[in-house]
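In case you want the letters, here they are:
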Amino acid sequence: GAVVSQHPSRVICKSGTSVKIECRSLDFQATTMFWYRQFPKKSLMLMATSNEGSKATYEQGVEKDKFLINHASLTLSTLTVTSAHPEDSSFYICSASLTGGPNEKLFFGSGTQLSVL
Amino acid sequence: AQKITQTQPGMFVQEKEAVTLDCTYDTSDPSYGLFWYKQPSSGEMIFLIYQGSYDQQNATEGRYSLNFQKARKSANLVISASQLGDSAMYFCAMRKGGTSYGKLTFGQGTILTVHP
(Lines give C-alpha, C1' and ligand atoms only; values in the text may rest on other atoms or scores of the structure.)
Protein backbone atom coordinates (compact mmCIF):
# COMPACT_ATOMS: atom_id res chain seq x y z
CA GLY A 1 0.00 0.00 0.00
CA ALA A 2 0.89 3.66 -0.16
CA VAL A 3 3.49 4.87 2.29
CA VAL A 4 2.85 7.85 4.52
CA SER A 5 5.68 9.00 6.74
CA GLN A 6 5.19 11.13 9.85
CA HIS A 7 7.85 12.80 11.99
CA PRO A 8 8.65 13.06 14.77
CA SER A 9 7.14 9.98 16.36
CA ARG A 10 7.41 11.48 19.81
CA VAL A 11 8.06 14.99 21.07
CA ILE A 12 8.22 16.51 24.52
CA CYS A 13 8.16 20.29 24.81
CA LYS A 14 7.76 23.02 27.37
CA SER A 15 4.52 24.91 27.74
CA GLY A 16 4.43 27.97 25.49
CA THR A 17 6.65 26.60 22.76
CA SER A 18 5.58 25.61 19.25
CA VAL A 19 5.92 22.16 17.77
CA LYS A 20 5.92 21.19 14.10
CA ILE A 21 4.82 17.77 12.88
CA GLU A 22 5.49 16.64 9.32
CA CYS A 23 3.42 14.29 7.18
CA ARG A 24 4.91 13.07 3.91
CA SER A 25 3.57 10.85 1.17
CA LEU A 26 6.61 8.88 0.05
CA ASP A 27 5.53 7.10 -3.10
CA PHE A 28 2.67 9.19 -4.39
CA GLN A 29 1.50 12.77 -4.66
CA ALA A 30 -1.22 13.50 -2.15
CA THR A 31 -3.88 15.90 -3.31
CA THR A 32 -5.29 16.06 0.17
CA MET A 33 -4.00 15.25 3.63
CA PHE A 34 -6.00 14.91 6.81
CA TRP A 35 -5.00 15.54 10.41
CA TYR A 36 -6.54 13.64 13.30
CA ARG A 37 -6.19 13.82 17.05
CA GLN A 38 -6.55 10.88 19.41
CA PHE A 39 -6.73 10.78 23.20
CA PRO A 40 -5.61 7.61 25.03
CA LYS A 41 -7.84 4.64 24.27
CA LYS A 42 -10.26 6.89 22.42
CA SER A 43 -11.32 7.30 18.84
CA LEU A 44 -9.72 9.47 16.21
CA MET A 45 -11.22 12.88 15.67
CA LEU A 46 -10.70 14.75 12.42
CA MET A 47 -9.11 18.13 12.99
CA ALA A 48 -8.63 19.53 9.51
CA THR A 49 -8.34 18.85 5.82
CA SER A 50 -5.22 20.09 4.07
CA ASN A 51 -5.15 20.75 0.33
CA GLU A 52 -1.96 21.55 -1.52
CA GLY A 53 -1.63 25.26 -2.25
CA SER A 54 -4.74 26.35 -0.42
CA LYS A 55 -5.91 27.06 3.09
CA ALA A 56 -6.79 24.17 5.31
CA THR A 57 -10.39 23.47 6.23
CA TYR A 58 -10.87 23.03 9.95
CA GLU A 59 -13.54 20.98 11.68
CA GLN A 60 -15.91 22.70 14.04
CA GLY A 61 -14.34 23.44 17.38
CA VAL A 62 -10.74 23.24 16.18
CA GLU A 63 -8.78 26.47 16.68
CA LYS A 64 -7.09 27.33 13.40
CA ASP A 65 -4.72 29.78 15.09
CA LYS A 66 -3.63 27.10 17.54
CA PHE A 67 -3.18 24.35 14.96
CA LEU A 68 -1.51 25.82 11.88
CA ILE A 69 -1.53 23.61 8.80
CA ASN A 70 0.63 24.17 5.77
CA HIS A 71 0.48 22.01 2.64
CA ALA A 72 3.28 23.48 0.59
CA SER A 73 3.76 20.61 -1.82
CA LEU A 74 1.96 17.51 -3.03
CA THR A 75 4.09 15.35 -0.75
CA LEU A 76 4.30 17.36 2.46
CA SER A 77 1.83 18.76 4.97
CA THR A 78 2.84 20.19 8.33
CA LEU A 79 0.88 20.71 11.52
CA THR A 80 2.26 23.30 13.92
CA VAL A 81 0.89 23.38 17.44
CA THR A 82 1.50 26.97 18.49
CA SER A 83 2.07 28.04 22.08
CA ALA A 84 1.48 24.50 23.23
CA HIS A 85 -0.11 23.84 26.61
CA PRO A 86 -0.52 20.62 28.58
CA GLU A 87 -4.08 20.18 27.28
CA ASP A 88 -2.64 19.94 23.77
CA SER A 89 -0.86 16.75 24.78
CA SER A 90 -2.26 14.04 22.54
CA PHE A 91 -1.54 11.63 19.72
CA TYR A 92 -1.66 13.33 16.31
CA ILE A 93 -1.87 11.30 13.14
CA CYS A 94 -2.18 12.17 9.46
CA SER A 95 -3.57 10.41 6.42
CA ALA A 96 -3.05 11.15 2.75
CA SER A 97 -5.35 10.91 -0.23
CA LEU A 98 -4.12 10.38 -3.77
CA THR A 99 -7.18 10.53 -5.94
CA GLY A 100 -9.92 11.69 -3.64
CA GLY A 101 -12.08 9.09 -5.31
CA PRO A 102 -14.88 7.17 -3.64
CA ASN A 103 -13.12 3.80 -3.70
CA GLU A 104 -9.71 4.97 -2.56
CA LYS A 105 -8.07 3.13 0.28
CA LEU A 106 -6.70 5.56 2.82
CA PHE A 107 -3.35 5.14 4.53
CA PHE A 108 -2.04 6.74 7.69
CA GLY A 109 1.25 7.94 9.02
CA SER A 110 2.68 6.36 12.15
CA GLY A 111 1.52 9.18 14.38
CA THR A 112 3.16 11.66 16.75
CA GLN A 113 2.83 11.55 20.51
CA LEU A 114 3.02 15.10 21.83
CA SER A 115 3.65 15.70 25.51
CA VAL A 116 3.58 19.28 26.77
CA LEU A 117 5.13 19.85 30.17
CA ALA B 1 -24.94 13.25 10.08
CA GLN B 2 -22.88 10.12 9.82
CA LYS B 3 -22.33 7.86 12.77
CA ILE B 4 -20.29 4.74 13.41
CA THR B 5 -20.92 2.53 16.42
CA GLN B 6 -18.74 -0.21 17.83
CA THR B 7 -20.53 -1.71 20.81
CA GLN B 8 -17.76 -4.03 22.00
CA PRO B 9 -15.18 -2.15 24.10
CA GLY B 10 -13.16 -5.34 24.44
CA MET B 11 -13.09 -8.83 22.96
CA PHE B 12 -11.16 -11.94 23.86
CA VAL B 13 -10.38 -14.86 21.57
CA GLN B 14 -8.31 -17.99 21.74
CA GLU B 15 -5.41 -18.29 19.36
CA LYS B 16 -6.37 -19.98 16.06
CA GLU B 17 -10.07 -19.29 16.55
CA ALA B 18 -12.17 -16.84 14.55
CA VAL B 19 -13.55 -13.64 16.01
CA THR B 20 -16.13 -11.11 14.82
CA LEU B 21 -15.88 -7.43 15.66
CA ASP B 22 -19.14 -5.54 15.31
CA CYS B 23 -19.72 -2.27 13.52
CA THR B 24 -22.95 -0.51 12.67
CA TYR B 25 -23.29 2.74 10.81
CA ASP B 26 -25.81 5.37 9.98
CA THR B 27 -25.79 7.60 6.94
CA SER B 28 -28.24 9.13 4.51
CA ASP B 29 -25.68 9.18 1.70
CA PRO B 30 -26.23 6.36 -0.84
CA SER B 31 -22.51 6.34 -1.69
CA TYR B 32 -20.13 5.59 1.13
CA GLY B 33 -17.16 3.47 2.06
CA LEU B 34 -16.42 1.44 5.15
CA PHE B 35 -12.93 0.76 6.47
CA TRP B 36 -11.37 -1.31 9.20
CA TYR B 37 -8.04 -0.34 10.72
CA LYS B 38 -5.82 -2.03 13.28
CA GLN B 39 -3.95 0.09 15.81
CA PRO B 40 -1.30 -1.75 17.82
CA SER B 41 0.24 -0.25 20.92
CA SER B 42 2.81 1.53 18.74
CA GLY B 43 0.01 3.80 17.54
CA GLU B 44 0.19 3.39 13.79
CA MET B 45 -3.06 2.86 11.92
CA ILE B 46 -2.84 -0.21 9.72
CA PHE B 47 -5.35 -0.51 6.89
CA LEU B 48 -7.06 -3.90 6.90
CA ILE B 49 -10.02 -3.93 4.56
CA TYR B 50 -12.42 -1.73 2.59
CA GLN B 51 -16.02 -2.14 1.46
CA GLY B 52 -17.81 0.22 -0.91
CA SER B 53 -21.54 0.72 -0.56
CA TYR B 54 -22.15 -0.45 -4.11
CA ASP B 55 -19.90 -3.49 -3.91
CA GLN B 56 -21.92 -6.62 -4.54
CA GLN B 57 -19.62 -9.00 -2.73
CA ASN B 58 -18.19 -8.91 0.75
CA ALA B 59 -14.59 -7.76 0.84
CA THR B 60 -11.84 -10.18 1.82
CA GLU B 61 -8.14 -9.59 2.48
CA GLY B 62 -6.28 -12.69 3.61
CA ARG B 63 -7.52 -13.62 7.08
CA TYR B 64 -9.81 -10.59 7.18
CA SER B 65 -13.30 -10.53 5.76
CA LEU B 66 -16.04 -7.98 6.04
CA ASN B 67 -19.59 -9.16 6.65
CA PHE B 68 -21.46 -6.36 4.91
CA GLN B 69 -25.21 -6.30 5.54
CA LYS B 70 -26.43 -3.15 3.86
CA ALA B 71 -30.07 -3.37 4.93
CA ARG B 72 -29.03 -3.76 8.54
CA LYS B 73 -26.31 -1.12 8.15
CA SER B 74 -23.67 -3.34 9.62
CA ALA B 75 -20.09 -4.00 8.54
CA ASN B 76 -18.62 -6.56 10.90
CA LEU B 77 -14.98 -7.60 10.65
CA VAL B 78 -14.23 -11.30 10.80
CA ILE B 79 -10.70 -12.39 11.64
CA SER B 80 -10.08 -16.05 10.97
CA ALA B 81 -7.39 -18.14 12.64
CA SER B 82 -6.47 -15.48 15.21
CA GLN B 83 -2.81 -14.93 15.98
CA LEU B 84 -1.15 -13.43 19.05
CA GLY B 85 -0.05 -10.52 16.89
CA ASP B 86 -3.68 -9.66 16.21
CA SER B 87 -3.98 -8.23 19.72
CA ALA B 88 -4.63 -4.53 19.17
CA MET B 89 -7.30 -1.84 19.01
CA TYR B 90 -9.56 -2.14 15.95
CA PHE B 91 -11.45 0.76 14.46
CA CYS B 92 -14.32 0.79 12.02
CA ALA B 93 -14.57 3.96 9.95
CA MET B 94 -16.82 5.46 7.34
CA ARG B 95 -15.76 7.66 4.49
CA LYS B 96 -17.82 10.77 4.10
CA GLY B 97 -19.45 11.41 0.79
CA GLY B 98 -19.46 14.62 -1.14
CA THR B 99 -16.36 16.44 -2.32
CA SER B 100 -13.92 15.22 0.29
CA TYR B 101 -13.78 11.46 0.09
CA GLY B 102 -10.81 11.17 2.39
CA LYS B 103 -12.58 12.30 5.54
CA LEU B 104 -13.23 9.45 7.90
CA THR B 105 -15.59 9.14 10.84
CA PHE B 106 -14.36 6.56 13.32
CA GLY B 107 -16.12 4.29 15.75
CA GLN B 108 -15.11 4.06 19.39
CA GLY B 109 -12.84 1.10 18.80
CA THR B 110 -12.65 -2.46 20.11
CA ILE B 111 -9.65 -3.81 21.99
CA LEU B 112 -8.98 -7.37 20.87
CA THR B 113 -6.92 -9.66 23.05
CA VAL B 114 -5.77 -13.00 21.66
CA HIS B 115 -4.96 -15.62 24.27
CA PRO B 116 -2.45 -18.42 23.62
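Heads up: these notes are all about the structure in this document.

Here is what the cut-offs are and how they apply
Residues numbered from 1 in each chain as written. Chains lettered and ligands numbered in written order. Predicted model: local features only at pLDDT ≥ 70, side-chain atom pairs only at ≥ 80, totals over all residues. Heavy atoms only, no water. Contact = heavy atoms within 4.5 Å. Buried area = accessible area lost by both parts, 1.4 Å probe. Salt bridge = Lys/Arg side-chain N within 4 Å of Asp/Glu carboxyl O. Polar contact = N/O pair within 3.5 Å; in protein donor to acceptor, adjacent residues only side chain to side chain. Helix = DSSP H or I, 4+ residues; strand = E, 2+ residues; numbered from the N terminus. Phe/Tyr/Trp six-rings, centres within 6.5 Å; stacked < 30°, edge-to-face > 60°. Buried < 20%, exposed > 50% of the residue type's maximum accessible area, 1.4 Å probe, protein only. Disulfide = S-S within 2.5 Å.

## Some remarks on the interface of chain B and chain A
With 22 residues of chain B in contact, the opposing surface of chain A contributes 23 residues. Both sides together, the interface formed by chain B and chain A hides about 1,800 Å², and carbon and sulfur atoms give 60% of it. If you look at where chain B meets chain A, you find one salt bridge. Counting across the interface, chain B meets chain A through five residue pairs in polar contact (both at pLDDT 80 or more). Those elements giving two or more residues to the side of chain B that touches chain A turn out to be β5 (33–39), β6 (46–52), β10 (88–95) and β11 (104–106) of chain B.

## So, the packing of aromatic side chains
According to the stated counting rule, one finds 14 aromatic pairs over all chains in the structure shown. When the centroid spacing of 6.2 Å and the interplanar angle of 45° are considered together, the rings of A:Phe67 and A:Tyr92 count as tilted. Of this pair, A:Phe67 sits in strand β7 (residues 67–73) while A:Tyr92 sits in strand β9 (residues 90–97), and the two are 25 residues apart along the sequence. Both residues of the pair, A:Phe67 and A:Tyr92, count as buried. Ring plane angle 85° and centroid distance 5.0 Å describe the contact between A:Phe108 and B:Tyr37, whose orientation is recorded as edge-to-face. In this pair, A:Phe108 sits in strand β10 (residues 107–108) while B:Tyr37 sits in strand β5, so the two residues belong to two different chains. Each of the two residues, A:Phe108 as well as B:Tyr37, counts as buried.

## A few points about the environment of A:Glu63
Following the sequence through the fold, A:Glu63 ends up in the loop between β6 (57–58) and β7. Remark: the alpha-carbon pair of A:Glu63 and A:Phe107, spanning 44 residues in sequence, is separated by 25 Å.

## Regarding the state of the cysteines
Evaluated as defined, the whole model comprises two disulfides over all chains. The side chain of A:Cys23 participates in a disulfide bridge whose partner is A:Cys94; the two sulfur atoms lie 2.0 Å from each other. Looking down the S-S bond of the A:Cys23 and A:Cys94 bridge, the torsion is 85°, so its handedness is right-handed. Taken together, the residues span a long stretch of sequence, with A:Cys23 in strand β3 (residues 19–25) and A:Cys94 in strand β9 at a distance of 71 residues. For the pair A:Cys23 and A:Cys94, one class covers both residues: buried. The disulfide partner of B:Cys23 is B:Cys92, and the S-S distance across this bridge is 2.0 Å. Taking the sign of the torsion about the S-S bond as the criterion, the disulfide between B:Cys23 and B:Cys92, at about -65°, is left-handed. Of the two residues, B:Cys23 is situated in the loop between β3 (19–21) and β4 (24–26) and B:Cys92 in strand β10; the sequence distance between them amounts to 69 residues. An identical accessibility class is assigned to B:Cys23 and B:Cys92; each is buried. Its sulfur unpaired, A:Cys13 is 18 Å from the next cysteine sulfur, which belongs to A:Cys94.

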